[in-house]
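What the coordinates show
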Amino acid sequence: MSGLNFINPFGVREDPGTFTGDFYTENFSRKAKPGTVILNLGPQHPSTHGVLRIVVELDGEYVIRAEPVLGYLHRMHEKMGEVKTPWQFIPNMGRVDYLHPIAWNWAYVGAVERLGGIEVPERAEYLRVISCELNRIASHLMWWGAFVMDLGGVTPILYAFEEREKINDILQIVTGSRLTLSYFRFGGVSTDVDERFLRLTKEFVPYLRERLKMYKALVTDNIILRRRLEGVGPMGVDICQRYGATGPILRAAGVASDTRRDIPYGIYKKFDFDIPSGPTNDSFGRYLVRLAEVEESLTIVEQAIKELPAGAIRIDKAPKANYKLPAGETYFAVEGARGQVGCHLVSDGGTRPYRIKLRAPGFSNLSLFAEAAKGTLLADAIAILGSLDLVIPEVDR
Amino acid sequence: MIKAIIDNLKGLYSLLVGLSITGRFFVSPQKTTHYPRQVDDPECLKSYRGPLELVPADDTGQSKCISCQMCVRACPGHCLTVTKGDKGKAPKVYLYDFTLCCLCAACVESCPTGAIRFSHKVYLVAPSREALHLDLLADLLARAPNPPQPKAEAEAEGEGNQVLAAPVTGEAPA
Amino acid sequence: MELTIANFVQIVIACLLIIALMVGNAVIMVYIERKAAGFIQRRPGPYEVGPRGTIQAICDSMKLLGKQLFIPGNVDWLLYFLAPVMAFLPVLLLFLPIPFGKYLVALKVDDGILLILAFAGLGVISNILAGWASNNKYGLLGAARAVAQSVAYEIPMIMALLAVVFMAGSLNLSEIVERQGTWPWQWNIVFQPLACFIYFVSLVGETNRAPFDLPEAESELTAGFHTEYSGMGFALFFLSEYANMLLVSFVCATFFLGGYKGPILDGFWWTFIKAYAVMCLIVWLRWTFPRVRFDQLLNINWKWLLPLSILNLWVTAIVLKFIE
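Residues numbered from 1 in each chain as written. Chains lettered and ligands numbered in written order. Predicted model: local features only at pLDDT ≥ 70, side-chain atom pairs only at ≥ 80, totals over all residues.

The secondary structure content of chain C amounts to 13 helices and zero strands. The principal-axis extent of the C-alpha atoms belonging to chain C is close to 65 × 45 × 45 Å. Taking all 324 residues of chain C together, the buried fraction comes to 50%. Long-range contacts, defined as pairs at least 24 residues apart, comprise 77% of the intrachain contacts of chain C with a sequence gap of at least 6. (Helix = DSSP H or I, 4+ residues; strand = E, 2+ residues; numbered from the N terminus. Buried ≥ 20, exposed ≤ 12 C-beta atoms within 10 Å, placed from the backbone. Contact = placed C-beta atoms within 7 Å.)

Residue and element names in this part refer to chain A. The three strands lie next to each other as β1-β2-β3, forming an open sheet whose pairing is antiparallel. The two strands at the open ends of the sheet, each matched to only one other strand, are β1 (37–41) and β3 (62–69). Each strand axis lies, on average, 20 degrees off the axis of its neighbour in the sheet, ignoring direction. Pairing geometry for β1 and strand β2 (residues 53–59), over five bridges, is antiparallel. Counted as the bridge partner of V37 is L58 from β2. (Pairing = 2+ DSSP bridges. Axes fitted to C-alpha atoms, helices over the stretch in contact; angles between N-to-C directions.)

Moving on to the environment of G267 of chain C. Residue and element names in this part refer to chain C. Assignment of secondary structure puts G267 in the loop between α11 (231–256) and α12 (268–286). The exposure class of G267 is partly exposed, given the 15 C-beta atoms found within 10 Å. Along the chain, G267 and L104 lie 163 residues apart, while their C-alpha atoms are 9.1 Å from each other. Those residues in contact with G267 that sit more than four places away from it in its chain are G101 and Y260.

In this section: the interface of chain B and chain A. Counting from both sides, the interface comprises 25 residues of chain B and, opposite them, 24 residues of chain A. Broken down by secondary-structure element, the contributors of at least two residues to the side of chain B that touches chain A are α1 (2–27), α2 (70–74) and α3 (106–110) of chain B. Broken down by element, the side of chain B that touches chain A gets its largest block of residues, seven residues, from α1 of chain B. Looking at the side of chain B that touches chain A residue by residue, the class counts come to 14 nonpolar, six polar and five charged. (Nonpolar A, V, L, I, M, F, W, Y, C, P; charged D, E, K, R; others polar.)

Another point: the pairing of β3 of chain A. Consecutive side chains of a regular strand alternate in pointing toward one face of the sheet and then the other. Residues and elements named next belong to chain A. Bridge analysis of β2 against β3 gives seven bridges, and the strand direction is antiparallel. Among the inter-strand pairings, I54 is bridged to a residue of β3, identified as P68. Hairpin connection, β2 to β3: the antiparallel pair is bridged by two residues, and G60 has positive phi, about 65 degrees.

Here we take up the nonpolar core. Nonpolar side chains tend to gather and get buried jointly when the protein is soluble and globular. With 238 residues, the main nonpolar core has A107 and Y108 of chain A together with Y199 and C252 of chain C as its most contacted residues. It is α11 of chain C that contributes the most residues to this core, 17 residues altogether. Split by domain, this core shows at least three residues from each of two domains, domain 1 (16–69) and domain 2 (77–396) of chain A. (Core = buried A, V, L, I, M, F, W, Y, C linked by C-beta atoms within 7 Å. Domains from an automatic or database assignment.)

All names here are of chain A. Bridge count between strand β6 (residues 328–335) and strand β7 (residues 340–347): eight bridges; the pairing is antiparallel. Bridge pairing links T330 to L345 in β7. Linking two consecutive strands that pair antiparallel, namely β6 and β7, is a turn of four residues; a positive phi of about 145 degrees is found at G339 within it.

Next comes the structure, spelled out in structure tokens:
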């Protein structure tokens with residue numbers, strides 16, 4: 001056994017009975033119980049998508065406890081918001097969650113607009129909806145590919161990227177970038193759409209509907225995938241409530257909760273779309289809810305493109321770089337791809353906000369993991385982690 | 001028991017469906033753009049945000065900049081340095097640190113005269129970090145169709161129609 | 001069989017040829033696999049090195065050869081270096097009784113399939129050693145998975161082959177080929193479709209290929225039992241994986257697909273064509289399906305393949321008795 005006693009290199013065994021809580025907050029040096037192994041998943045692990053670290057204690061392949069360790073990608077976005085003018089902080093929003101940056105754009109810009117009482121022209125509202133929904137589709141596609149890759153199927157992610165590239169092409173026309181989009185401005189959006197944008201979007205909607213059928217045949221109906229996901233990691237309403245989970249996870253638990261419907265913002269009231277809420281609250285339910293959401297987003301995009309009014313894309317006296325926020329406090333929430341994205345803004349009337357709190361849905365959703373993964377197989381824990389759709393920069397902010 | 005067998009037979013059929021899909025993609029044309037030999041849709045480059053460049057005025061070919069410092073104040077990354085010239089409003093120095101730029105267009109949108117815009121320099125490479133500290137005035141001069149006969153410094157910096165402006169040395173203020 | 005000098009020389013030459021075959025096969029299969037993955041994923045695969053990327057695999061193996069031998073801290077270095085060699089050597093032995101052509105057999109033994117099945121079990125020991133010796137928790141988990149999987153999948157594999165052996169009445173591989181006809185409907189796959197299916201599934205399990213690649217499950221165990229191996233150690237594992245694939249494909253061709261017999265012009269090329277067709281199918285599977293979970297892997301084996309293969313064997317025996 002020389003060199004192989006990695007559980008407990010110094011041979012000190014603690015009394016397993018005294019162990020109570022989570023070992024991150026207590027200490028790292030806490031030893032495993034006899035017969036178990038502590039395994040570090042991450043920060044560099046193929047399935048933790050970035051730099052999430054999960055410390056798991058394994059008994060054989062069963063997860064006794066799992067503790068997510070955060071903070072490897074903490075970039076102080078909230079603090080940066082306090083030292084930058086509102087105008088300067090918009091690009092940061094594209095970097096918080098690189099998969100659905102438009103929602104974060106919207107959360108921050110919406111909060112400032114609500115505090116400053118800034119109106120948005122109708123055309124800009126439509127453009128916001130179109131870009132946000134396209135971006136949501138791109139995010140879900142990326143998740144879909146990465147999730148199947150977690151389960152061992154490498155090919156679907158490349159199919160998902162074909163569609164994602166098309167969305168990137170479309171959004172690049174107005175935003176100028178393909179990943180960290182910053183499209184929204186106070187009182188409107190940055191650029192107007194052109195004929196090419198509308199044409200590509202109109203082509204894209206039926207194209208993706210066709211592709212979704214292929215996705216279903218290739219992956220959703222696949223017996224291996226179903227057996228891997230069905231019944232794995234059930235997350236009921238109670239656990240979602242306790243940890244504040246939102247988005248597809250809460251909807252898969254059977255609650256048709258969606259910020260677009262519950263606290264309507266923008267012009268979402270005008271559109272006719274369903275809130276898919278799954279019949280099962282397991283990983284497969286979450287999978288189905290997300291794919292159904294892609295279709296709903298396509299419906300919204302279709303309607304918005306059809307009804308797109310003419311007019312200005314920004315109000316005349318749109319706030320500029322020297323804009324002073326009025327004193328006050330507000331909270332603005334939008335529905336991101338991962339759940340409720342919120343921005344709590346406190347201003348003392350200066351050029352810079354006094355305090356910004358960003359509500360990242362991924363953070364709350366990740367909190368469910370420790371509980372849901374307990375007692376599952378390691379492969380199931382990976383599947384549960386994938387089904388949460390985490391974006392680590394957003395979790396750490 | 002019977003149900004389990006039927007389920008598994010259906011499952012095997014789903015596997016065959018999966019194989020047929022990947023098999024179909026195997027023989028269908030590829031999506032890859034062989035980058036150096038092929039170029040993707042050039043339309044995509046119209047909205048591409050390369051490093052900033054100054055917009056030449058229609059009549060004089062000089063910069064439209066009036067040294068109002070709006071761009072400097074708007075920039076979240078503090079990547080611009082503009083110094084007013086001795087006479088008139090034209091800038092003497094317009095330095096741009098591309099390594100700090102996040103291409104957010106705050107400067108472009110806050111400019112009252114429309115003096116700056118994003119270039120479409122896609123194939124931008126630099127041998128060093130310093131080479132990305134760009135002098136936009138020199139860049140403007142180099143792009144001019146008929147470069148007005150220059151002063152000494154501009155002559156030293158002009159490198160024809162290069163992608164990169166010449167590296168700026170020693171001029172950056174503290 | 002007596003061991004004469006002529007025999008000995010024949011075996012030595014055969015061994016050298018087999019080593020050449022194994023290395024050549026690895027290079028070809030790496031290329032085929034990467035190209036197939038690329039085409040399935042609608043990209044060209046290796047493209048830049050050599051015409052259409054043909055010498056990419058050779059360059060990669062050169063790179064692996066040139067890498068420093070890296071020993072992680074606290075490994076059991078003897079086992080650590082022994083494991084890749086152990087993975088490689090038994091496979092060499094397994095090719096000896098395979099009838100590539102009518103006369104192209106390295107070692108004509110009467111119970112050739114027994115030799116293959118007996119030594120095929122050795123391969124898993126190298127996986128255990130590798131996982132154990134490299135002092136890595138992922139490695140250990142991968143090794144543990146490898147043992148359970150390998151032990152489990154050998155049984156239905158043997159049962160499936162046994163059905164064919166019953167039909168042929170011989171354990172000699174050449175004999176089994178001779179009993180099959182030249183046309184596809186005279187091959188054993190027609191008479192023993194269930195055995196062929198079971199054999200194929202357990203072949204994928206036995207060679208640790210996706211969707212049964214549990215011992216190296218990338219998204220769970222990073223690289224499983226060979227997590228800590230780089231350079232030549234990794235290359236040897238790689239080589240043995242492809243050699244194992246080639247072996248089981250040859251066995252499949254011999255037992256179920258008529259071996260060296262074909263519609264026109266019998267010969268060793270038919271064996272190769274059939275074996276590589278089987279391998280392409282394995283590659284195709286890998287790039288299509290997600291991975292099964294470990295308990296499901298064992299359930300498939302113990303609850304479905306094993307009873308089915310026993311049933312198949314039983315029915316075969318009864319039918320043969322009646323025909324007599």
